[in-house]
Amino acid sequence: MKFFIDTANLDQIKEAQALGVLDGVTTNPSLMAKEGINGKENILNHYRNICEIVDGDVSAEVIGITVDDMIREGEELAALHPQIVVKIPMIKDGVKAIKHFTNKGIKTNCTLVFSCGQALLAAKAGATYVSPFIGRLDDISTDGLVLIEEIRTIYNNYSIKTEILAASVRHTMHVINCAKIGADVMTGPLSAIEGLLKHPLTDNGLKKFLEDAQSMNV
């Protein structure tokens, strides 16, 4: 399973990259605003900076909601760097835009997916990634992981190559469970990735080893 980090914070991206397990980055307007990034040129430059840090795909989201606006913005984003993946909302015009980009060989990430039907349409249009938001489904008392399982079954049935990108990952157990049920990618905060490092037996064992080494004057 690929590990993407869901942030626009350059320091967190650098930290995840330094860990040696980062495969890509996802962003959105809310994450950009959180970092105080505003203005078109500043946003475009920020995407370039992210691409210079990581080796893998960087999802950059369009703002427009008409097919013409999404195509115009998406082509501008794709021209920034070869690693850019154009992030398109799951709406009717979004599906049309995804098909346009597919025909042009531009990678896409279909975002705000909350049903199998949406995931199937995105795949039919040729989306590179489809992003079911599992955390937001959990927020309304719906098991987001079940949606991942169902999409995995449908895609396996027809050997669909669109990658399932589990989005809105909130914590470490989301990461583990996504891996168990066959998500191709997960995107979440740095804390969810670093949480995989933690285990009290590891901490206790290391503490004991260090104490013993000290007693041996190593």
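Quick look at the structure, then.

Now for the nonpolar core. Among the nonpolar cores identified, the biggest contains 60 residues, and Ile13, Val25, Leu77, Ile84 and Ile88 are the most heavily contacted of them. For Ile13, the residues in contact, after removing those within four places along its chain, are Ile5, Thr7, Ala8, Leu22, Val25, Ile50, Ile53 and Val54. Within the second largest apolar cluster, seven residues are counted, among which are Phe4, Tyr129, Phe133 and Val185.

Moving on, we come to a negative patch on the surface. Together, Asp138, Asp143, Glu149 and Glu150 make up a region of like negative charge exposed at the surface. For Asp143, the position within the fold is in the loop between helix H7 (134-139) and helix H8 (144-157).

With that settled, consider the pattern of salt bridges. Applying the stated rule across the entire model yields 10 salt bridges. Ionic pairing is found between Glu76 and Lys40, a salt bridge with its closest N-O pair at 3.1 Å. With a gap of 36 residues between them, Glu76 in helix H4 (residues 67-78) and Lys40 in helix H3 (residues 40-53) connect regions that are remote in the sequence. The class for Glu76 is partly exposed, based on a relative accessible area of 31%. Linking Glu75 and Lys104 is a salt bridge whose minimum nitrogen-to-oxygen distance equals 3.0 Å. Of this pair, Glu75 sits in helix H4 while Lys104 sits in the loop between helix H5 (92-103) and strand E5 (108-113), and the two are 29 residues apart along the sequence. Judged by its relative accessible area of 30%, Glu75 is partly exposed. A relative accessible area of 48% places Lys104 in the partly exposed class.

Right, let's get into the packing of helix H6 (residues 116-124) against H8. Two numbers describe how H6 lies on H8: the axes approach to 10 Å, and their chain directions differ by 40°. Viewed along their axes, H6 and H8 adopt a mutual orientation that is oblique. As for how H6 packs across H8, the hand of that crossing is right-handed. Here Cys116, Ala119, Leu120 and Ala123 of H6 come into contact with H8, specifically with Leu147, Glu150, Ile151, Ile154 and Tyr155. Residue composition of the contact of H6 with H8, by class: eight nonpolar, no polar and one charged.

Right, let's talk about the environment of Lys198 for a bit. With respect to the helices and strands, Lys198 occurs in the loop between helix H10 (190-194) and helix H11 (200-215). Remark: the alpha-carbon pair of Lys198 and Thr172, spanning 26 residues in sequence, is separated by 9.9 Å.

Of the two faces of strand E8 (residues 185-188), the one carrying Val185 and Thr187 and the one carrying Met186 and Gly188 are both buried. Bridge analysis of strand E1 (residues 2-6) against E8 gives four bridges, and the strand direction is parallel. Of the residues in E8, the one forming a bridge with Phe4 is Thr187. Note: strand E7 (residues 163-166) against E8, two bridges, orientation parallel. In the strand pairing of E8, Leu165 is matched with Val185. With respect to chirality, the unit in which E7 leads through helix H9 (residues 172-181) into the neighbouring parallel E8 is right-handed.

Moving on, we get to the side chain of Glu61. Looking at the secondary structure, you find Glu61 in strand E3 (residues 57-61). Residues in contact with Glu61, not counting those within four places in the same chain, are Thr27, Asn28, Pro29, Tyr47, Leu77, Lys87 and Thr111.

This part is about H4. Relative to the 16 Å expected for 12 residues at 1.5 Å per residue, H4 spans 16 Å between its end C-alpha atoms, a close match to the ideal helical length. Residues Val67, Met70, Ile71, Glu73, Gly74 and Leu77 constitute the buried set of H4. Among the structural elements, H3, E3, strand E4 (84-89) and H5 are those in contact with the buried residues of H4.

With parallel pairing, the eight strands of this closed barrel are ordered in space as E1-E2-E3-E4-E5-E6-E7-E8. Each adjacent strand pair in this sheet contributes to an overall mean axis angle of 30°, direction not counted. Pairing of E4 with E5, which is carried by four bridges, proceeds in the parallel orientation. Bridge pairing links Ile88 to Cys110 in E5. With respect to the sheet, H4 is in contact with E3 and E4, its orientation differing from that of E4 by roughly 160°. Packing of H8 onto the sheet brings it into contact with E5, strand E6 (129-132) and E7, and relative to E7 it is tilted by some 175°.

The rules behind the values
Residues numbered from 1 in each chain as written. Predicted model: local features only at pLDDT ≥ 70, side-chain atom pairs only at ≥ 80, totals over all residues. Heavy atoms only, no water. Core = buried A, V, L, I, M, F, W, Y, C linked by side-chain atoms within 4.5 Å. Buried < 20%, exposed > 50% of the residue type's maximum accessible area, 1.4 Å probe, protein only. Contact = heavy atoms within 4.5 Å. Patch = residues over 30% accessible without salt bridge, like charges linked within 9 Å, V, L, I, M, F, W, Y side chains within 5 Å. Areas by Shrake-Rupley, 256 points an atom, 1.4 Å probe, with all protein chains shown as cover. Salt bridge = Lys/Arg side-chain N within 4 Å of Asp/Glu carboxyl O. Lys, Arg positive; Asp, Glu negative; His and termini not counted. Charge placed at Lys NZ, Arg CZ, Asp CG, Glu CD. Helix = DSSP H or I, 4+ residues; strand = E, 2+ residues; numbered from the N terminus. Axes fitted to C-alpha atoms, helices over the stretch in contact; angles between N-to-C directions. Parallel < 35°, antiparallel > 145°, perpendicular 65-115°, else oblique. Left-handed = near helix turned anticlockwise from the far one by under 90°. Nonpolar A, V, L, I, M, F, W, Y, C, P; charged D, E, K, R; others polar. Pairing = 2+ DSSP bridges. Right-handed = clockwise from strand over helix to strand, strands pointing away. Expected span 1.5 Å × (residues − 1).

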